[in-house]
Amino acid sequence: MTHRTRPPSRSCPNCDGFASAAVTLGGRDQHGHLRTISAHCPACHGAGTARRLARLREEARA
């Protein structure tokens, strides 16, 4: 009996699926919480998948 395999994941080649990261700004606010901003992958725009990239490549070829 053969095992069912999953299709290969379509993670973004630029960020390897880790599309967003929290970056500290180096200080704390008046409540003592760290001030952070979120940085998104510029290639997949924070999605983490290459579906959007493949679609863009197909449109560029047409």
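Only a predicted model underlies this, so the values are computations on that prediction, with no experimental measurement involved.

Before going further, it helps to spend a moment on the overall build of the chain. When you go through the chain residue by residue, the secondary structure sums to one helix and two strands. Reading the chain from its N end, one meets helices and strands in the order β-β-α. Residues classed as buried in the chain amount to 16% of the 62 residues present. Summarising the internal contacts of the chain: among those between residues at least 6 apart in sequence, 48% fall at separations of at least 24.

Once that is clear, we can look at the pairing of strand 2 (residues 34–40). Looking at chain direction, strand 1 (residues 20–28) and strand 2 are connected through six bridges and run antiparallel. Residue Thr24 lies in a different strand from strand 2, and its bridge partner there is Thr36. In this antiparallel pair of consecutive strands, strand 1 and strand 2, the connection spans five residues, and Gly32 shows a positive phi of 90°.

Moving on: the confidence of the model for the chain. When pLDDT is averaged across the chain, the result is 77; 74% of the residues are at 70 or more. For the chain, helix 1 (residues 51–61) is the element with the lowest average pLDDT, namely 55, and strand 2 is the one with the highest, namely 90.

The backbone phi angle of Asp16 is positive, close to 55°, even though this residue is not glycine. Summarising the element assignment, Asp16 is placed in the segment before strand 1. With a relative accessible area of 55%, Asp16 lands in the exposed category.

Rules used throughout
- Residues numbered from 1 in each chain as written.
- Predicted model: local features only at pLDDT ≥ 70, side-chain atom pairs only at ≥ 80, totals over all residues.
- Heavy atoms only, no water.
- Helix = DSSP H or I, 4+ residues; strand = E, 2+ residues; numbered from the N terminus.
- Buried < 20%, exposed > 50% of the residue type's maximum accessible area, 1.4 Å probe, protein only.
- Contact = heavy atoms within 4.5 Å.
- Pairing = 2+ DSSP bridges.
- pLDDT = per-residue confidence, 0-100.

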